[in-house]
Amino acid sequence: MSTAVVDLGPLGLDGGAHVLVNLALADRSAGERVAVRGEHPALPVHLAAWCRQQGHGWRTGDPGDPSGVVGWVERGATTGARWRGAARAVGDDGSDGIAPAAVSEWGLAARGAAVEPGGPTPRFRLDRRDDLWTDRATALYAQAAAGQWDPATVIDWTVPIANPPEVEAAVVTVMTFLIENEEAALVVPARFLGQVHPHFREIQQVLAVTVADEARHVEVFTRRARCSGRPLALSTAGGRASLQTLLDEPDYATAAFLLSVMGEGTFVSLLSFLEQHAPDPLTRQIATRTRADEARHVAFAMAHLERHATLDPDLRPRLARAVEARHRALQHTSGLNEDVFDALVLLAAGAATPGAVRRGWDRVQELQRDMADGRRGRLARLGFSMAEAETIADLHTRNFM
Amino acid sequence: MRPFTLGAVAYDPKVVTIWEGFGNWFGEQGFDFDYVLYSGYEAQAEAHLTGHVDVTWDSPLAWVRTRRLAAAAGRTARSIAMRDTDQDLTSVVLVRADADIADVGALRGGTVAVGAVDSPQATLLPLAHLAGLGLDPDSDVTVLRHDVMVTKHGDHIGGERDAVVALVEGRADAACIIDGNQLLFAREGTVDADALRILTRTAPYDHCTMTVLDGTESGVVDRFIELLLGMSFDDPEVRPLLELEGLREWRPGRTSGYDQLEAAVDRLGFYGPDGRILAAGAPR
Ligand SMILES: [Fe+2]
Ligand SMILES: [Fe+2]
């Protein structure tokens, strides 16, 4: 190989010239040389110092050399040492594939990056593909990213609220209930998010955008509750106890099942109900926006659990037991949703009159059937038998979430 | 028997990381090793003479003092290993690129910014170099010292940075630093590209060394040298420690690179021939 030449022109090493020298050295082997040409007066001094620090050899040329060569850099043996033994953070197929088990040493490295050995070995509890993966994550994340909406602009907050006081109070009760449920839906994925190995970045991305969705939901329900200047309603001990069981669930699949398949799935029905029957256009607008997000959250959990259940025959019995356990844990609590139930009747009635209340009552009965049908349908898709689906759907907490 | 014990100066918290790391690695190689940290090189050199440690990781000035103290006691000091980056350094005297200073003589009556009083690279060597070119630091120029962490022999880079800042800000007409630090200060944005120019530079000299005194068990010393020279930058366990310590490979020690500093120490009256501290502003 002939000696390569790098021409630095007027550029000095105090102005970044080493970048060009490195480029010239990149295709040299250890011991091979690059001649350096340049006009900067400090080049011989700075190249000597730089080579010493980088482990390269340096030979100064003749000051009056007509070729303008100020000296030669000889590539050192330690250059590129970091690449030695640096394995790619990918699955065994060698492509940018998902590995069955993410390696602790990969840490925060990008999937597909070459990982220099010797770094930290962080522990990410969710590091096994089959415990969390779904191919649908990419598409769902893209949908979510495209579907992000700005509460300040997509919702018309100037629409006047003219609900009768009893009906407006019912709206505030429902909003108070929704907010604490949204908080659970925010905290649960946020906790798991930090446990997912970064190798599974699509899963992280969906969880992250889900948390952002829930943050918006908390915002819009809070703003709606405050529209009429009323104080927020009661947060019941039973309601919070029910949500606490979601926060306490340490298993990712079980938590996804309880929160998203059972809870958020039910919420989709509830938000459709508000979209149709809320007494004011502002509440209806908010319900439309939040329902679209919730449908995505449900789809993500369903996609993960459908795959997981086909790979792990123990998953379904485990999920069924989790619903039973949650039912037992909550059976001695009370006041879960009586207030909310009545508020939904009044809200759908739109007026505190016998005829209107009867109409609201019928609509809430329809909502409950819709919720139960949805639960059974999702359970069937996860491979539960009709009888199992029936039992589990019935055990589902009296709190909608 | 106590482990083979190294003395090092705690000029930065990373020194603990470095010697804990090297110590673990030595242990894995079956070599019984420990270290002691000193707040400064003068204390370390004196402790070395009393036998408190078996080897010291010395600044070049600490080498000079240890050698002189040993000689005064009828003993000999030996340089057993140094970093690749310790060999053939130079110090540069910088001026502003646009300054009307064509040669060293033009600095007469001006101000020369240097590092700490006991910095070989940023004070003693360049001032002796200027003196050799006819510029007496006591009478021909005002020396603007930047005494960051005195007793640590200029290991902390702050003194050199302060000297360069004084030059850039016009409080000095020249500044003295190690050649490579101009690149570092350019990279970190302390100086702009092409803002400074090299007026003159010293002859090459060597920097730090591992020093042992006669009477240290030679088999253990030989094993220590063998382990140091065997450390490979390719080893991912050792590489971070080598990088923290600023080297790619250990080399056998040599003393040929210290003549310039011995002469500077005499010329500027920093130590006596017996290793006594003479300089004003130096510790004790
Ligand atoms: Fe939500
Ligand atoms: Fe949600």
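Given the structure is predicted, the values throughout are model-derived calculations rather than measurements. (Residues numbered from 1 in each chain as written. Chains lettered and ligands numbered in written order. Predicted model: local features only at pLDDT ≥ 70, side-chain atom pairs only at ≥ 80, totals over all residues. Heavy atoms only, no water.)

J.: Honestly, the overall build of chain A in this entry has me stumped. Any pointers?
T.: Of the regular secondary structure elements, chain A holds 14 helices and six strands. On C-alpha atoms alone, chain A measures out to a radius of gyration of 31 Å, which is more than a quarter above the 21 Å that the 2.2 N^0.38 rule sets for 401 residues. Structurally, chain A occupies a C-alpha span of about 105 × 50 × 30 Å along its principal axes. Counting only residues that meet the buried cut, chain A has 49% of its 401 residues in that class. Here the contacts in chain A between residues at least 6 apart in sequence split such that 77% fall between residues at least 24 apart. Looking at chain A as shown, the accessible area adds up to about 17700 Å², and 54% of this sits on carbon and sulfur atoms. (Helix = DSSP H or I, 4+ residues; strand = E, 2+ residues; numbered from the N terminus. Rg over C-alpha atoms; globule rule 2.2 N^0.38 Å. Buried < 20%, exposed > 50% of the residue type's maximum accessible area, 1.4 Å probe, protein only. Contact = heavy atoms within 4.5 Å. Areas by Shrake-Rupley, 256 points an atom, 1.4 Å probe, with all protein chains shown as cover.)

J.: Explain the coordination of the iron ion (ligand 2) to me, please; I cannot follow it from the model alone.
T.: The reference angle at a metal is 109.5 degrees if four donors form a tetrahedron and 90 or 180 degrees if six donors form an octahedron. Residue and element names in this part refer to chain A. Coordination of the iron ion (ligand 2) by the protein comes from E214 (OE), E264 (OE), E294 (OE) and H297 (ND1), over a distance range of 1.8 to 2.2 Å. Bound by four donor atoms, the iron ion (ligand 2) shows angles of 96 to 151° at the metal and therefore irregular coordination geometry. Positions of the donor residues of the iron ion (ligand 2) along the chain correspond to the pattern E-x49-E-x29-E-x2-H. Here the iron ion (ligand 2) and the iron ion (ligand 1) are spaced 3.4 Å apart, and both take E214 as a donor. Remark: E294 occurs in helix α10 (residues 281–311) and E264 occurs in helix α9 (residues 252–277); sequence separation between them is 30 residues. Across the pair, E294 and E264 agree in class, each one buried. (Donors = N, O, S within 2.8 Å, 3.2 Å for Na, K, Ca; no water. Tetrahedral: all angles 85-135°; square planar, octahedral: opposite > 155°, others 65-115°.)

J.: Which parts of the structure should I look at to understand the coordination of the iron ion (ligand 1)?
T.: Residues and elements named next belong to chain A. Coordination sphere of the iron ion (ligand 1), protein contribution only: E182 (OE), E214 (OE), H217 (ND1) and E294 (OE), at 1.8 to 2.2 Å. Its four donor atoms give the iron ion (ligand 1) angles of 81 to 145° at the centre, a pattern that matches the irregular case. Each donor residue of the iron ion (ligand 1) belongs to the same chain, and together they define the spacing E-x31-E-x2-H-x76-E.

J.: Which parts of the structure should I look at to understand helix α6 (residues 165–193) of chain A?
T.: Side chains three or four residues apart in an α-helix point the same way, a direct result of the helix having 3.6 residues per turn. For α6 of chain A, spanning 29 residues, the distance from its first C-alpha to its last is 42 Å, which sits close to the expected 42 Å at 1.5 Å a residue. Across the 29 residues of α6 of chain A, 21 count as buried, placing the element largely inside the fold. (Expected span 1.5 Å × (residues − 1).)

J.: What should I look at first to understand the state of the cysteines in this one?
T.: Should the sulfur atoms of two cysteines be covalently bonded, the bond is a disulfide. Residues and elements named next belong to chain B. Counted according to the given criterion, the structure contains zero disulfides over all chains. The thiol sulfur of C176 is not disulfide-bonded, and the nearest other cysteine sulfur, from C208, lies at 19 Å. What makes C176 buried here is its relative accessible area of 0%. (Disulfide = S-S within 2.5 Å.)

J.: When you look at helix α14 (residues 386–395) of chain A in this model, what are you seeing that I'm missing?
T.: Residues and elements named next belong to chain A. Buried within α14 are the following residues: A389, I392 and A393. Buried residues of α14, seen end-on, are gathered within an arc of 100° and therefore sit on one face of the element. For α14, exposure combined with an orientation more than 90 degrees from the buried face picks out A387 and D394. The inward-facing, buried residues of α14 abut α9, α11 (315–330) and α13 (354–381). (Arc of directions from axis to C-beta.)

J.: Teacher, can you tell me more about the sheet that holds strand β8 (residues 174–178) of chain B here?
T.: Residues and elements named next belong to chain B. The strand order across the open sheet built from five strands is β7-β6-β8-β5-β9, with neighbouring strands paired in mixed fashion. With one partner strand each, in any of the chains shown, β7 (142–144) and β9 (196–201) form the two edges of the open sheet. Going from strand to strand, the sheet's axes swing by 30° on average, the running direction of each strand aside. Where strand β6 (residues 111–113) and β8 come together, two bridges link them in parallel fashion. Following the sheet pairing, A113 is matched in β8 by A175. Contacting β5 (91–96), β6, β7, β8 and β9, helix α5 (residues 158–168) runs over the sheet at an angle of about 150° to β8. (Pairing = 2+ DSSP bridges. Axes fitted to C-alpha atoms, helices over the stretch in contact; angles between N-to-C directions.)

J.: It is not clear to me how the environment of K14 of chain B should be interpreted in this structure. Could you clarify?
T.: With respect to the secondary-structure elements, K14 of chain B resides in helix α1 (residues 14–28). A polar side-chain atom of K14 of chain B sits 3.1 Å from the main-chain carbonyl oxygen of L244 of chain B. (Polar contact = N/O pair within 3.5 Å; in protein donor to acceptor, adjacent residues only side chain to side chain.)

J.: Help me understand the packing of aromatic side chains in this model?
T.: To describe a pair of aromatic rings, one takes the distance between the centres and the angle between the planes. Tallied over the entire structure, the rule returns 19 aromatic pairs over all chains. Judged by centre distance (5.2 Å) and plane angle (55°), the rings of W19 of chain B and F22 of chain B are tilted. Of this pair, W19 of chain B and F22 of chain B are both found in helix α1, three residues apart, which corresponds to roughly one turn of the helix. For the pair W19 of chain B and F22 of chain B, one class covers both residues: buried. Taking 4.7 Å as the distance between ring centres and 40° as the angle between the ring planes, the aromatic pair formed by F26 of chain B and F33 of chain B counts as tilted. Put simply, the rings of F4, W19, F22, W25, F26, F31, F33, W57, F224 and W250 of chain B pair up and form one aromatic cluster. Looking at R216 of chain A, its charged tip hangs above the ring of W149 of chain A, at a distance of 4.6 Å from the centre. (Phe/Tyr/Trp six-rings, centres within 6.5 Å; stacked < 30°, edge-to-face > 60°. Lys NZ or Arg CZ within 6 Å of the ring centre and 35° of its normal.)

J.: Whenever I open this one, the domain arrangement of chain A confuses me. Can you help?
T.: Note: interface size is frequently given as the accessible area lost on complex formation between the parts. When the domains of chain A are assigned, the result is domain 1 (4–81), domain 2 (85–123) and domain 3 (129–394). Just the C-alpha atoms count here: the centres of domain 1 of chain A and domain 3 of chain A sit 64 Å apart. (Domains from an automatic or database assignment.)

J.: Mind showing me how you'd approach the pairing of strand β10 (residues 209–213) of chain B here?
T.: Two faces belong to every sheet, and in a regular strand the side chains alternate between them. Residues and elements named next belong to chain B. With five of its five residues buried, β10 lies for the most part within the structure. Neither face of β10 is exposed, since T209, T211 and L213 on one face and M210 and V212 on the opposite face are all buried. Judged from the three bridges that link them, strand β3 (residues 55–58) and β10 form a sheet pairing that is antiparallel. Following the sheet pairing, D58 is matched in β10 by T209. As judged from the four bridges shared by strand β4 (residues 77–83) and β10, these two strands associate in the antiparallel manner. Within β10, the position partnered with A81 by the bridge is M210.

J.: Before we go on, may I ask you to explain the pairing of β5 of chain B in this structure?
T.: Residues and elements named next belong to chain B. β5 sits mainly inside the fold: five of its six residues count as buried. By the bridge criterion, four bridges tie β5 to β8 in an arrangement that is antiparallel. In the sheet register, V93 faces β8, and the bridge partner there is C176. Looking at chain direction, β5 and β9 are connected through five bridges and run antiparallel. Within the sheet, the bridge partner assigned to V93 lies in β9 and is T200.

J.: Sorry, what's going on with the domain arrangement of chain B here?
T.: Residue and element names in this part refer to chain B. Along its sequence, chain B is organised into domain 1 (4–86 + 206–268) and domain 2 (91–201). Taking only C-alpha atoms, the centre of domain 1 and the centre of domain 2 are 27 Å apart. On the domain 2 side, the residues contacting the 17 residues of domain 1 number 16 residues. Between domain 1 and domain 2, roughly 1400 Å² of surface is buried when both sides are summed, and carbon and sulfur atoms account for 69% of that area. Along the contact surface separating domain 1 from domain 2 lie zero salt bridges. If you list the elements that add at least two residues to the side of domain 1 that touches domain 2, you get α2 (41–50), α3 (60–72) and α9 (259–267). Examining the composition of the side of domain 1 that touches domain 2, we find that four residues originate from one element, α9, more than from any other. (Buried area = accessible area lost by both parts, 1.4 Å probe. Salt bridge = Lys/Arg side-chain N within 4 Å of Asp/Glu carboxyl O.)

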